[in-house]
Amino acid sequence: MTTAAPTTAPAAAPTDQSLAVNVAVIYYSATGHVTDIAREIAETAEKAGAEVRLRKVAELAPQSAIDANPVWARHAAETATVPVATPDDLLWADAVLFGSPTRFGNVSAQLKQFLDSLGPAWSQGLLADKVYGGFTSTASEHGGQESTLLALTASFHHFGGIVVAPGYTHPDKFTDGNPYGTAHWSGGKGARPVDDTTRNAARAQAERVVRFARAVKNA
Ligand SMILES: Cc1cc2nc3c(=O)[nH]c(=O)nc-3n(C[C@H](O)[C@H](O)[C@H](O)COP(=O)(O)O)c2cc1C
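Just so we're clear, the structure is a prediction, and the values are computed from it rather than from any experiment. (Residues numbered from 1 in each chain as written. Predicted model: local features only at pLDDT ≥ 70, side-chain atom pairs only at ≥ 80, totals over all residues. Heavy atoms only, no water.)

Novice: Can you walk me through the site of the ligand in this structure?
Specialist: Surrounding the ligand, one finds 17 residues, the nearest of these being Ser 29, Thr 31, Thr 102, Ser 137 and Gly 143. A distance of 2.8 Å separates an oxygen atom of the ligand from a polar backbone atom of Val 34. Within the contact set of the ligand, an oxygen atom lies 3.1 Å away from a backbone nitrogen or oxygen of Ala 139. For the ligand, the protein covers 75% of the area, taking 650 Å² as the surface of the free molecule. A majority-of-atoms criterion places the ligand in the largest pocket. Among the secondary structure elements, those contributing two or more residues to the shell around the ligand are α1 (33-47), β3 (95-103) and β5 (131-138). Sort the elements by how many residues they give to the shell around the ligand and β3 lands first, with 3 residues. (Near = heavy atom within 4 Å. Polar contact = N/O pair within 3.5 Å; in protein donor to acceptor, adjacent residues only side chain to side chain. Areas by Shrake-Rupley, 256 points an atom, 1.4 Å probe, with all protein chains shown as cover. 1 Å grid on protein atoms, 1.4 Å probe; cavity = no way out; pocket = protein on both sides within 12 Å on 5 of 7 lines; lining within 4 Å. Sits in = over half its atoms within 2 Å of the grid points. Helix = DSSP H or I, 4+ residues; strand = E, 2+ residues; numbered from the N terminus.)

As structure tokens, this is what we get:
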């Protein structure tokens with residue numbers, strides 16, 4: 001073992017935008033915060049040269065529960081035309097970013113149900129060797145963001161995925177402060193719409209994921 005400093009810098013991930021990669025952004029959102037992050041990530045990935053599929057997962061809540069919350073009902077109507085995710089979206093993708101609101105410090109049932117539909121693809125090894133990441137939103141500051149992102153990450157390990165966390169690899173990550181993924185503090189009842197801090201974190205995450213997806217695909 002040598003303790004001498006390396007004489008060459010580690011190889012950087014390629015930045016050639018001509019290297020096509022497919023990115024799937026798959027999310028659940030009841031009241032729109034996670035949708036806003038998903039859109040920011042999708043737009044950034046596209047600008048970075050990726051082919052992007054933006055997909056919501058199927059709703060599980062009864063219509064009566066949605067109708068009882070005007071913000072939820074409005075958001076459901078606004079996103080009615082967003083295509084619903086299928087396992088094929090993962091087979092197509094080189095990188096997948098999953099988003100979910102925090103539910104008691106954990107992933108929402110809706111996104112978890114979608115993950116649970118991936119058994120057949122997983123059993124054939126079709127989810128392996130892709131780049132994965134996550135994003136979330138809570139009502140309270142912190143509020144279980146990190147436990148949600150870590151819970152999501154457990155599935156990526158089972159897939160044999162390559163988890164590309166943002167870490168503190170971009171100056172903006174020292175502002176939003178979450179190395180596990182993008183996370184927004186919504187404040188509840190529309191108090192804190194997705195802001196520049198969260199958008200900057202989402203952009204940093206998306207750019208990093210595209211860069212590593214390219215590197216993995218062309219390795
Ligand atoms: C059943 C339930 C559990 C929740 N658990 C938490 C929680 O653990 N921590 C928190 O801060 N917010 C919690 N929330 C609030 C949501 O995570 C928060 O409003 C989030 O920003 C919603 O994202 P969306 O607008 O994309 O649906 C919970 C909401 C519901 C309905």
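Once you've had a look at it, read on.
Novice: What is the right way to read the pattern of salt bridges from this model?
Specialist: Where charged atoms from two side chains of opposite charge approach closely, those side chains can pair. All told, the structure shown has 10 salt bridges when counted by the stated rule. Residues joined in a network through salt bridges with shared partners are Arg 53, Arg 55, Asp 88 and Asp 89. (Salt bridge = Lys/Arg side-chain N within 4 Å of Asp/Glu carboxyl O.)

Novice: Please clarify how helix α5 (residues 109-116) should be interpreted in this entry.
Specialist: It helps to recall that an α-helix has 3.6 residues per turn; residues three or four apart then point in one direction. Of all the residues in α5, the buried ones are Gln 110, Leu 111, Phe 114 and Leu 115. Take α5 and look down its axis: the buried residues cluster within an arc of 140°, on one side only. Tucked into the core, α5 has its buried residues touching β1 (22-27), α4 (87-92), β3, β4 (106-107), α6 (119-123) and α7 (145-159). (Buried < 20%, exposed > 50% of the residue type's maximum accessible area, 1.4 Å probe, protein only. Arc of directions from axis to C-beta. Contact = heavy atoms within 4.5 Å.)

Novice: Would you mind going over the side chain of Thr 102 with me for this structure?
Specialist: Within the secondary structure, Thr 102 is located in strand β3. Thr 102 gets classed as buried once you look at its relative accessible area, which sits at 12%. For Thr 102, the residues in contact, after removing those within four places along its chain, are Thr 136, Ser 137, Thr 138, Gly 143, Gly 144, Gln 145 and Thr 148.

Novice: Is there a simple way to explain the nonpolar core in this structure?
Specialist: Generally speaking, a soluble globular protein has its nonpolar side chains buried in company with each other. Grouped together as the largest cluster of nonpolar side chains are 25 residues, with contacts concentrated most on Val 23, Val 25, Ile 41, Ala 50, Val 52, Phe 135 and Val 210. Mapped onto this core, the elements with two or more residues apiece are β1, α1, β3, β5 and α9 (196-217). At 6 residues, α1 tops the list of elements feeding residues into this core. Excluding anything up to four places from it in sequence, Ile 41 contacts Val 25, Leu 97, Phe 135, Ala 202, Gln 205 and Ala 206. Formed by 24 residues, the second largest nonpolar core is a distinct cluster that contains Ala 93, Phe 114, Tyr 132 and Phe 156. (Core = buried A, V, L, I, M, F, W, Y, C linked by side-chain atoms within 4.5 Å.)

Novice: How should the layout of surface pockets be read in this particular structure?
Specialist: Empty space among the atoms can be located by rolling a probe the size of a water molecule over them. Roughly 530 Å³ of internal volume is contained in the largest pocket. Counting only elements with at least two residues in the lining of the largest pocket, the list comes to α1, α3 (70-78), β3 and β5. Classifying every residue of the lining of the largest pocket gives 8 nonpolar, 13 polar and 3 charged. Lining the second largest pocket we find 16 residues, and of these Glu 141, Gln 145, Asp 176, Ala 183 and Trp 185 sit closest to its centre. Those elements that place two or more of their residues in the lining of the second largest pocket are α7, α8 (173-176), β7 (182-185) and α9. By residue number, the principal contributor to the lining of the second largest pocket is β7, which donates 3 residues. (Points joined across faces, edges and corners; volume = space filled by probe spheres on them. Nonpolar A, V, L, I, M, F, W, Y, C, P; charged D, E, K, R; others polar.)

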